[in-house]
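# Secondary and tertiary structure notes
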Amino acid sequence: MAIVLTPYWSPEEGIQKLKLEAQAKALAAPGLAPPAFSLKVQLDRTLLQLRSKSSPIEKYSFLAQLKETDVEAFYRLCLENMSEITPIIYTPTVGEACLQYSKIYRNPEGLFISLKDKGRIGSILRNWPLAKDARISVVTDGSRILGLGDLGANGMPIAVGKLSLYVAGAGIRPSSTLPITLDVGTNNSSNLSDPLYLGLRQRRPSQEEYDAFMDEFIAEMKRVYPKVLVQFEDFSSDNAFSYLTRFRNSLPLFNDDVQGTGAVVLAGLLSAARLVPIPRNEHRILLFGAGSASVGVAKQLMSFFTVAGMSEEEARHQIWLVDSKGLVYVGREGIAEYKMYFARKHYTGLPMKDLSEIVQYVKPTVLLGLSTIAGAFTPDVIRLMSQNTPRPIIFPLSNPVHLSECTFADALTHSNGTAIFASGSPFGREVIGGVRREAGQGNNMYIFPGLGLGALLCRAKRVTDSMVEASALGLAGSLSWDERALELVYPRIERLREISASIAVKVIREAQKVGVDNSTDLKRMSDARLLEFVKRKMWNP
Ligand SMILES: NC(=O)C1=CN([C@@H]2O[C@H](COP(=O)(O)OP(=O)(O)OC[C@H]3O[C@@H](n4cnc5c(N)ncnc54)[C@H](OP(=O)(O)O)[C@@H]3O)[C@@H](O)[C@H]2O)C=CC1
Ligand SMILES: CC(=O)C(=O)O
Ligand SMILES: [Mg+2]
């Protein structure tokens, strides 16, 4: 029999709403607010307090507390200071928060569903205080948090951080967001031996046991939250692919690392390629790292070539993968199934592991890093890249920032300023040859808010590959004139809401085209009216 747990917050409204009401009353009642109090100045004061914290993790904790006590102020602060706040609530600091979660944990910010809850997952899901509203859920099992490996239950901040970006970046109502951490154990021995660790003290289960748990979880999500869209986040690569395939037709669901990353890199590459004076079919793409993110990107990049008229086979021929054992080719032993599509068919040489050697062999025009190996793009690798193309496209995409395959400064210095650069986590500005250059941030944060918003507004039954591709084209088309003039390949983060609205329109139109939408009203609108509608639907603090 299912055990019904007592919710830790008010079941009807949730703690945020109660606190907001209390605050509103306090502000309305004379004497409960200082005489010169104003919300505008309070926001400046809050920013001052944030900036006075000496370390990023203190800033993270300060903001987490602000979000808990005054959700409106938190999002107002985010919206007015996106480029300053995003690196705190998201990568790189969110990675540190996950590593330190056992120490910094204060209050529940999402649902923990553990292997021990098997058989009663539905009743646990109903315990979410804002259950009536839940529309977007980011679900992680903590098995591969950024490039930091298996962090188990300590992965919760990544689900919370992604959902904060849904609110800040796409205007999803805070009460509609549901962060979930599936605690199925961890193979991280430091967590298992940490007396403060918050999760189950056991190693991860067999695949069979995990599959049965996931089947129940997804069936109950569907039952308890029939309108919810699920974003899988930071599952280790094997499960990332298998659970995407297993569940994507059961409910609206996508995997952010596989599909969101694929879309953001396609958009960046389309913009970058405009700056390189070589024909599309002469680009050669080398992906360093061959996990879920990399293979997701490689699949999405096929259309970079196919839209230019190349066949699938020709497109595949322009893409090379490298994993921890070196170049991936047919005939090499023990290659995981999900990499096989991109294994080189006609390679007959010796195994090739050294990246410089591989770059000399492949002569790539585009080098993408999704490997978690800091500094793998050495000065030598960058110099060799510059010999293949007038403008090497170099995207070290691993997160957080200390795992980046190279720095922005290194990419510019060793390419004599010719590199077109984007990284997974933010880098600052650099001056080279008297010219100020800005790094792009090739991060799925540009995709998932708009993709989720679009799918939600048209009540999509599923998230199709073509909807993901539409989100990439929406992003690629959203660079402003001045961003192009500065050779940026991604828009400025301050414009995330505007961009998410354009992406949502593209996603809705594609859902309508392939018949997975469920909203006839939106079909009748012109694009301009649809864009207005999307913007009107966005929550504002
Ligand atoms: N910018 C963005 O938006 C995103 C960035 N990422 C980042 O991408 C990274 C990878 O994520 P994910 O694919 O899920 O993780 P995985 O751990 O599944 O993949 C890592 C890949 O790197 C390979 N690798 C490890 N060591 C080496 C080495 N010495 N030389 C060459 N290859 C190596 C692994 O090889 P093998 O397969 O042999 O083990 C594996 O293929 C993470 O840092 C993550 O933060 C992820 C999603 C989005
Ligand atoms: C950005 C992201 O999703 C990752 O690094 O896993
Ligand atoms: Mg991720």
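Fair warning: this is a prediction, and the values are worked out from it, not measured in the lab.

### Some details on the packing of helix α5 (residues 82-89) against helix α9 (residues 156-170)
Put simply, α5 and α9 touch, their axes get as near as 10 Å, and they point 155 degrees apart. One element, α5, and the other, α9, form an angle in the roughly antiparallel class. Facing M82, T86 and I89 of α5, the residues of α9 in contact are G161, S164, L165 and A168. Class assignment for the residues of the contact of α5 with α9 results in 4 nonpolar, 3 polar and no charged.

### What to know about the site of ligand 1
Close to ligand 1 lie 26 residues; R144, S237, A290, S324 and K339 are nearest. Measuring from an oxygen atom of ligand 1, one finds a backbone N or O atom of G147 at 3.4 Å. Within the backbone of G291, a nitrogen or oxygen atom sits 3.1 Å from an oxygen atom of ligand 1. When ligand 1 is considered free in solution it has 930 Å² of accessible area, and contact with the protein chains removes 83% of it. When contributions to the shell around ligand 1 are tallied by element, the ones reaching two or more residues are α13 (256-273) and α14 (292-306).

### Some thoughts on the environment of L270
Examined against the element boundaries, L270 turns out to sit in helix α13. A C-alpha to C-alpha distance of 6.6 Å links L270 and A476, two positions 206 residues apart in sequence. The residues touching L270, leaving out its near neighbours within four places in the chain, are R280, F304, L473 and A476.

### As for the site of ligand 2
Around ligand 2 sit Y90, R144, L146, K162, E233, D234, D256, D257, N399, N443 and N444, and that is every residue in its neighbourhood. At 2.8 Å, a side-chain N or O of N399 approaches an oxygen atom of ligand 2. A distance of 3.0 Å separates an oxygen atom of ligand 2 from a polar atom in the side chain of N444. Protein burial of ligand 2: of its 220 Å² of free accessible surface, 90% is covered by the chains.

Rules and cut-offs
Residues numbered from 1 in each chain as written. Chains lettered and ligands numbered in written order. Predicted model: local features only at pLDDT ≥ 70, side-chain atom pairs only at ≥ 80, totals over all residues. Heavy atoms only, no water. Axes fitted to C-alpha atoms, helices over the stretch in contact; angles between N-to-C directions. Helix = DSSP H or I, 4+ residues; strand = E, 2+ residues; numbered from the N terminus. Parallel < 35°, antiparallel > 145°, perpendicular 65-115°, else oblique. Contact = heavy atoms within 4.5 Å. Nonpolar A, V, L, I, M, F, W, Y, C, P; charged D, E, K, R; others polar. Near = heavy atom within 4 Å. Polar contact = N/O pair within 3.5 Å; in protein donor to acceptor, adjacent residues only side chain to side chain. Areas by Shrake-Rupley, 256 points an atom, 1.4 Å probe, with all protein chains shown as cover.

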